[in-house]
Amino acid sequence: MVVAPTLGILRIFFWLGKRFDVTLLFQSIAMLTAMILLLYTVIKYKPIVPFNPLIRQDSNTSSISSLDDDVLSVGQHIEYKWYQRSFWAWDHFLDYVNCLLVYITIISILYILFHQHSEFIEALGFLSLGIESTLPVPQILTNFKHRNTDGFSWLILASWFLGDGFKAFYFFYTQSPLQFVICAIVQLCFDTVVVVQFIIFSSPTLKKSLGIREHYEPIA
């Protein structure tokens, strides 16, 4: 959920520097507004679970020297999990707003300093739309890892494919900036991969003929 708001903000600054079709600006604003409202709803109804990160152990306190490395590695792993949960996993909506305000401030300062350089403006577009084009990748990796598409419906897949197809047509028709065209083409390619995965993994006959076995995570 952290990706969509940041992409919308970047695209708005991209429009300020290049002034392409205003419809795409409204789409970015609408997407940003929808994601903030969705974030507010999630935070409002999310149960607050207290989290107390474990304190990293000092290897010098261990009486068995052979366990020092293991203790250290466990401590590092715990710190990493704590860091993951800390960022963009807060319990109050205001924390997310403050984070986005800091992000907007940083982008604004960079825009004021470099807005006269076309390379900077183009980089904003490639960064925003380049990341957006890779949004289907986590779903592709999940499908490939588990060798199935359970829980992923044809309706969602059809909405992805038709939506990205319409975007590609619109970008070509309105002669949108190159970043939009590349984004649409890449997304359609990823959508095609998901379609192929859905066809193969949903058919026991195809899976058997291709020697594909489902992969399940072991229960810890």
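Residues numbered from 1 in each chain as written. Predicted model: local features only at pLDDT ≥ 70, side-chain atom pairs only at ≥ 80, totals over all residues. Heavy atoms only, no water.

Novice: Tell me about the overall build of the chain, residues and numbers included.
Specialist: Helix and strand counts for the chain come out as nine helices and zero strands. Helices and strands in the chain line up, N terminus first, as α-α-α-α-α-α-α-α-α. Of the contacts made within the chain by residues no fewer than 6 positions apart, 71% connect residues no fewer than 24 positions apart. Carbon and sulfur atoms make up 69% of the accessible area of the chain, which totals about 14500 Å². (Helix = DSSP H or I, 4+ residues; strand = E, 2+ residues; numbered from the N terminus. Contact = heavy atoms within 4.5 Å. Areas by Shrake-Rupley, 256 points an atom, 1.4 Å probe, with all protein chains shown as cover.)

Novice: Pulling in residues and values, what's your account of the side chain of Arg11?
Specialist: Looking at where Arg11 falls in the secondary structure, it is placed in helix α1 (residues 3-18). In this structure Arg11 comes out as buried when scored by relative accessible area, which is 3%. Not counting residues within four places of it along the chain, the set of residues in contact with Arg11 comprises Phe20, Leu24, Gln27, Ser28, Ser128, Leu129, Glu132 and Phe180. (Buried < 20%, exposed > 50% of the residue type's maximum accessible area, 1.4 Å probe, protein only.)

Novice: How would you explain unusual backbone geometry if you had to name every residue and give the values?
Specialist: Phi is positive for Arg19, close to 55 degrees, though the residue is something other than glycine. Structurally, the position occupied by Arg19 is in the loop between α1 and α2 (22-45). According to the relative accessible area criterion, Arg19 is exposed, its value standing at 54%. Phi at Arg147 takes a positive value of approximately 60 degrees, unusual for a residue other than glycine.

Novice: Please give an account of the packing of helix α4 (residues 93-114) against helix α5 (residues 118-133) that cites residues and values.
Specialist: Two packed helices can be described by the angle between their axes and the distance between those axes. Two numbers describe how α4 lies on α5: the axes approach to 9 Å, and their chain directions differ by 145 degrees. The handedness of the crossing between α4 and α5 comes out as left-handed. Of the residues in α5, those in contact with Leu110, Tyr111 and Phe114 of α4 are Phe120, Ile121 and Leu124. (Axes fitted to C-alpha atoms, helices over the stretch in contact; angles between N-to-C directions. Left-handed = near helix turned anticlockwise from the far one by under 90°.)

Novice: If you had to explain the nonpolar core to someone new, which residues and values would you point to?
Specialist: Of all hydrophobic cores here, the largest spans 27 residues; its most connected members are Phe14, Leu124 and Phe180. A domain split of this core shows at least three residues from each of domain 1 (1-46 + 84-132) and domain 2 (135-212). Residues in contact with Leu124, not counting those within four places in the same chain, are Leu10, Phe13, Phe14 and Tyr111. (Core = buried A, V, L, I, M, F, W, Y, C linked by side-chain atoms within 4.5 Å. Domains from an automatic or database assignment.)

Novice: Provide a residue-level description of the environment of Glu122, including the pertinent values.
Specialist: Mapped onto the elements, Glu122 comes out in helix α5. Between the C-alpha atoms of Glu122 and Gln179, which are 57 residues apart in sequence, the distance is 8.2 Å. Only 2.6 Å separates the side chain of Glu122 from the side chain of Gln179, close enough to count as a polar contact. (Polar contact = N/O pair within 3.5 Å; in protein donor to acceptor, adjacent residues only side chain to side chain.)

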